[in-house]
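Commentary on secondary and tertiary structure
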Amino acid sequence: MKLLKKICTDKIMILIVLLAAFLNLYGIWNDKYANTYYTTAVASMLQNFHNFFYGSLDSAGSVTVDKPPVTFWIQTISAYIFGLHGWSVILPQALAGIGSVLLIYFLIKPTFGLAAARISALVMALMPVAVAVSRTNNIDSMLVFTLLLGAWFLFKGIRNNSVGCLLGAFAMIGVGFNMKMLQAYMVAPAFYLFYLLAAKVNWKRKLGILAGSTAVLIAVSLSWAVTVDSISKDQRPYIGSSQTNSVLELAFGYNGVSRLTGNQGGGRGMTPGTSNSGASAGDDMSAGSTPPSTNPQSGSSQTSPADGTDQAGRTSWNGQGQPPFGDNSRDGGGGGMGGSFGTGTPGALRLFQTELSGQASWLLPFVLFGLIALFAGIRRNQITQKHKEGLFWLAWLGPAMVFFSIAGFFHHYYLIMLAPPIAALAGAGFMAMWKAYRERDGWQTWLLPISIVLTAAFQYYIVQAYDSTIGMGWSILIAAAGVTAAVLLILIRSQEKAWKQAAVMAGLLVLLIGPAYWALTPITYGLNSMIPQAGPGTADGRGMGFPGGGGQGGMTPPGMNAEGNSGSSGDTAPAAGSDRTAGSAASSDSTRSDFRMDGGRGGESGQVNAKLLAYLKKNNTGQTYLFATNNYGTAAPYMIDEGQSVIIMGGFSGSDPVYTTEKLEAMVKSNKVKYFLVGGGMGGRGGSTEITSWIKEHGTEIPSSEWNGTADNQADSGAVQNGPDGNMTLYEVSVN
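Note that this is a predicted model, so its numbers are computed, not measured.

Some words on the overall build of the protein chain
Counting its secondary structure elements, the protein chain contains 27 helices and 5 strands. Counting every position in the protein chain, which comprises 736 residues, the buried fraction comes to 62%. Look at the contacts in the protein chain between residues 6 or more apart in sequence, and 74% of them connect residues 24 or more apart.

Let's talk about the packing of helix H3 (residues 36–45) against helix H5 (residues 70–82)
Between H3 and H5, the shortest axis-to-axis distance is 9 Å and the interhelical angle comes to 65°. When the axes of H3 and H5 are compared, the pair comes out roughly perpendicular. In terms of crossing hand, the pair formed by H3 and H5 is right-handed. Contact residues: H3 offers Tyr38, Val42 and Met45, while H5 offers Phe72, Trp73, Gln75, Thr76 and Ala79. When its residues are assigned to classes, the contact of H3 with H5 shows 6 nonpolar, 2 polar and no charged.

What about the pattern of salt bridges?
Under the definition given, this model contains 8 salt bridges. A salt bridge links Arg438 to Glu439; the nearest nitrogen and oxygen atoms lie 3.9 Å apart. In this structure, Glu665 and Lys669 form a salt bridge, with 3.3 Å as the shortest nitrogen-oxygen distance. Separated by 4 residues within a single helix, Glu665 and Lys669 lie in helix H25 (residues 661–669), roughly one turn from each other. On the basis of relative accessibility, which here comes to 26%, the residue Glu665 falls in the partly exposed class. Through salt bridges with shared partners, a single ionic network connects Lys435, Arg438 and Glu439.

Things to note about the packing of aromatic side chains
A full pass over the atoms with the stated rule returns 41 aromatic pairs. Taking 5.5 Å as the distance between ring centres and 80° as the angle between the ring planes, the aromatic pair formed by Tyr26 and Trp29 counts as edge-to-face. With 5.3 Å between their ring centres and 65° between their planes, Phe352 and Phe458 make a pair best called edge-to-face. Placement of Phe352 in the loop between helix H13 (247–261) and helix H14 (354–360) and of Phe458 in helix H18 (residues 447–464) is noted, with a sequence separation of 106 residues between them. Counting every residue linked through ring pairs, the aromatic cluster contains Phe155, Phe170, Phe191, Tyr192, Phe194, Phe392, Trp393 and Trp396. The positively charged end of Lys180 is found above the aromatic ring belonging to Tyr414, 3.7 Å away from the centroid. Above the face of the Trp203 ring, Lys206 is positioned so that its terminal group lies 4.5 Å from the ring centre.

Examining a nonpolar patch on the surface
Together, Leu46, Ile77, Tyr80, Ile81 and Phe82 line one region of the surface with nonpolar side chains, adding up to about 550 Å² of accessible area. Here Ile81 is to be found in helix H5. In this structure Ile81 comes out as exposed when scored by relative accessible area, which is 57%.

Brief notes about a positive patch on the surface
Together, Lys2, Lys5, Lys6, Lys156 and Arg159 make up a positively charged patch on the protein surface. Locating Arg159 in the fold gives a position in helix H9 (residues 140–160). By relative accessible area, which is 48% here, Arg159 ends up partly exposed.

Comments concerning unusual backbone geometry
Phi at Asn161 takes a positive value of approximately 55°, unusual for a residue other than glycine. By the secondary structure assignment, Asn161 is in the loop between H9 and helix H10 (163–180). Overall, the relative accessible area of 47% leaves Asn161 in the partly exposed class. Even without being a glycine, Asn245 presents a positive backbone phi close to 60°. By relative accessible area, Asn245 is classed as buried at 9%.

Digging into the sheet that holds strand E5 (residues 728–733)
The strand order across the open sheet formed by 5 strands is E2-E1-E3-E5-E4, and the pairing between neighbours is mixed. Every interior strand has two partners, whereas the edge strands, strand E2 (646–648) and strand E4 (699–701), have only one. Adjacent strand axes in the sheet meet at a mean angle of 30°, parallel and antiparallel pairs treated alike. Where E4 meets E5, 3 bridges bridge the pair, whose relative direction is antiparallel. Counterpart to Glu701 in the pairing with E5 is Tyr731.

Some details on the nonpolar core
In this structure, Leu154, Phe392, Trp393, Phe404, Met649 and Phe676 are the most contacted members of the largest nonpolar core, which totals 186 residues. Those residues within four positions of Leu154 in sequence are excluded, and the remaining contacts are Cys165, Leu166, Ala169, Phe170, Phe191, Phe194 and Phe392. Core analysis: the second largest hydrophobic core is formed by 11 residues, Val247, Leu250, Ala251 and Tyr254 among them.

With respect to helix H6 (residues 86–112)
For H6, built from 27 residues, the straight-helix expectation of 39 Å at 1.5 Å per residue is met to within 8% by its first-to-last C-alpha distance of 39 Å. The largest bend in H6 comes to about 30°, at Pro92. Most of H6 is tucked away, with 22 of its 27 residues classed as buried. Count one or two residues on from H6 and you reach Gly113, which has phi positive near 100°.

Quick look at the side chain of Gln459
Position of Gln459 relative to the elements: it lies in helix H18. Owing to a relative accessible area of 0%, Gln459 belongs among the buried residues under this scheme. Ignoring anything within four residues of it in the chain, the contact list for Gln459 reads Trp362, Leu363, Ile478, Val510, Leu511, Gly514 and Pro515.

Remarks on H25
Regarding H25, the residues found buried are Thr661, Leu664, Met667 and Val668. The arc that holds every buried residue of H25, seen down its axis, measures 125°, which confines them to one face. Among the exposed residues of H25, those oriented more than 90 degrees off its buried face are Glu662 and Lys669. Summarising the contacts, the buried residues of H25 are in contact with E2, strand E3 (675–679), helix H26 (689–698) and E5. Asn671 lies just past H25 and shows a positive phi near 65°.

A closer look at the environment of Asn727
Note that Asn727 resides in the loop between helix H27 (711–717) and E5. Given the relative accessible area of 34%, Asn727 is considered partly exposed.

Brief notes about the confidence of the model for the protein chain
Mean pLDDT over the protein chain works out to 81, with 76% of the residues at or above the 70 mark. Low confidence marks residues 548–604, where pLDDT is under 50. Its contacts with residues over four positions away, or in another chain, come to 206 contacts.

Here's the deal with the side chain of Gln183
Inspection of the secondary structure assignment puts Gln183 in the loop between H10 and helix H11 (188–198). Residue Gln183 is classed as buried on the basis of its relative accessible area, which comes to 9%. Separated by 3.0 Å, the side chains of Gln183 and Asp140 make a polar contact. With near-sequence residues (within four places) excluded, Gln183 lies in contact with Asp140, Leu143, Tyr414 and Met417.

Structural notes on the environment of Ile416
For Ile416, the position within the fold is in the loop between helix H16 (385–406) and helix H17 (419–438). Among the residues examined, Ile416 registers a relative accessible area of 2% and is labelled buried. Separated by 284 residues in sequence, Ile416 and Ala132 have C-alpha atoms that sit 9.3 Å apart. For Ile416, the contacting residues outside a window of four places in its chain are Val129, Ala130, Val133, Asp140, Ser141 and Val144.

Remarks on the packing of helix H2 (residues 11–25) against helix H7 (residues 114–125)
How two helices sit against one another is set out by the angle between their axes and by the gap between those axes. Between H2 and H7, the shortest axis-to-axis distance is 9 Å and the interhelical angle comes to 10°. When the interaxial angle is binned, H2 and H7 end up roughly parallel. The segment H2 lies against H7, with Ile12, Met13, Ile16, Leu19, Ala20 and Leu23 engaging Arg118, Ala121, Leu122 and Ala125. In terms of residue class, the contact of H2 with H7 is built from 9 nonpolar, no polar and 1 charged.

About the thresholds
Residues numbered from 1 in each chain as written. Predicted model: local features only at pLDDT ≥ 70, side-chain atom pairs only at ≥ 80, totals over all residues. Heavy atoms only, no water. Helix = DSSP H or I, 4+ residues; strand = E, 2+ residues; numbered from the N terminus. Buried < 20%, exposed > 50% of the residue type's maximum accessible area, 1.4 Å probe, protein only. Contact = heavy atoms within 4.5 Å. Axes fitted to C-alpha atoms, helices over the stretch in contact; angles between N-to-C directions. Parallel < 35°, antiparallel > 145°, perpendicular 65-115°, else oblique. Left-handed = near helix turned anticlockwise from the far one by under 90°. Nonpolar A, V, L, I, M, F, W, Y, C, P; charged D, E, K, R; others polar. Salt bridge = Lys/Arg side-chain N within 4 Å of Asp/Glu carboxyl O. Phe/Tyr/Trp six-rings, centres within 6.5 Å; stacked < 30°, edge-to-face > 60°. Lys NZ or Arg CZ within 6 Å of the ring centre and 35° of its normal. Patch = residues over 30% accessible without salt bridge, like charges linked within 9 Å, V, L, I, M, F, W, Y side chains within 5 Å. Areas by Shrake-Rupley, 256 points an atom, 1.4 Å probe, with all protein chains shown as cover. Lys, Arg positive; Asp, Glu negative; His and termini not counted. Charge placed at Lys NZ, Arg CZ, Asp CG, Glu CD. Pairing = 2+ DSSP bridges. Core = buried A, V, L, I, M, F, W, Y, C linked by side-chain atoms within 4.5 Å. Expected span 1.5 Å × (residues − 1). Bend = angle between axes of the 7 residues up to and from the residue. Arc of directions from axis to C-beta. pLDDT = per-residue confidence, 0-100. Polar contact = N/O pair within 3.5 Å; in protein donor to acceptor, adjacent residues only side chain to side chain.

What follows is the structure, given as structure tokens:
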């Protein structure tokens, strides 16, 4: 309550919080499914406690998502309270984004002062990648909030000499591990270093408390994983995207070391290191998965409202089959054409390359000069609290920068891990440079104007790559304003002007023009909820981390013409069995398009096929599950919109060895399921050939005319039952 009262008395901070609320919340109600993979899991988790505890992807509790369930527990609670909608699963992350802005303020203010705290909070609020991620149901926004909460406990514990707060700080890292595994440990060096430097106790007590904190960290981190791995494998779901059906292997392999090496081995149904080695679900879309609907730099919405438009009101696309980069987007990390998913070429300057710089790097030169000012006067016996806290944020920033500079596989939105230390050091560094500038402290007095002009030059480099999309005015404005501000500060350096402080603040605000524009793009340009990133670009659906679309080699996604549209306005898919050509489809409704990128892999996750749903319900003779399918994209609308129970046989990639023919036979015999809707990747990218053959051998194919209908009927029901991966086929399976 005391903290809230402090905020209420700071009118400027109130405005910053309102700005963060607008950027994180406005328009989230337009996102129908958000990241479909995770929303499908929430639909499953709402059905029973078994699915809730494990974070199960499907209604049968047969396979988990590829991350621990803590964030999804929170999303499920939100969906339970408000109903299952795109916005209700996004809401916790949006609030976490706002909470992170507040925590940065509270962390910076006690040591660096009110002005530094406001600046840091403003930078955090305008961090483009943080805004983009917070507007989805991906995990990272909640993870950053949790780690910042841990930092708050750490600072408070050291300030008040509270062991409980210190244990709580390391417990928060453990909670973060149960959100996104080893990514949470990026901050661990900063926590240990800061305690060793700042705790005012003898070394024996320091080591004892650190030992206890480490024990808490390990215990909390492994609590869920060890519990799940200790349960008999036939009594729990298969661990999605793991090689050995183990949470610990998933944590330290696929979600751990493999991120650094780029060797992404998915389920055992795929060969590690091959082009389709099991994408990370939700946050990791592999080759053969559904491609993003647009260039994520411009990003039209991955999901869309019922009229088939994105958050910016444009027609969006439900891509199927292979992504626009071909089938080699997971074969190792970062080489060629900007690396996997356009994350640039690994190396010391990777974060400054066009592919990544627009997400979180805007103020890195400014932060560098701020660090010089902050540590310029440090002496061995004169390490102040400012120095110690500066080292904490630097120890957070440094390892994260090193990882993203060399990592073989990650997505743009992982860069949210850089946002807190950059924001904190921007505020703290600015105040250090302002002090040196005001007091005309030798060579340090030049740091502020030099930092402004060099940072503006770097931001010009970022923005000018998008001149063909947003015009030259923005890049010229940033460059001209930066040079003007720096020259003005040099001219008045030795003068006492009443407006000197205002000029300095104006110079700082110039450096926030670019980040502010980029932070608005998820609202103004739309957003890909599966692989979110900020930034303008063309709305043609081509490109991943490149300005102006283009993608890798400028390839056009299947089913999309050169202008990025799925044929003519309102194109819909042809009926099952009809011919389909890229860039065109049968037009049946001039007011909408049912091509939407809703995260399905090897199939669509558009709206429910009303005729199929009616057929399955009518012919259900007491089966527990409405149908089984090989990919979550097909199951998603039935689970999310209709609350139906559906079996997903292969996890995210369709390749996890969740079911054997013996297990499916037992389920059919026990009257749990009889209908199988398969197609697309079955027997290829998306499933087991053995299971496909078994379904065909024991199943009777249901004529599509009984459940699928014509192209016009599909347009009315929102169904798309075929695509580049092939037709979906409905079988009724029976065994003796």
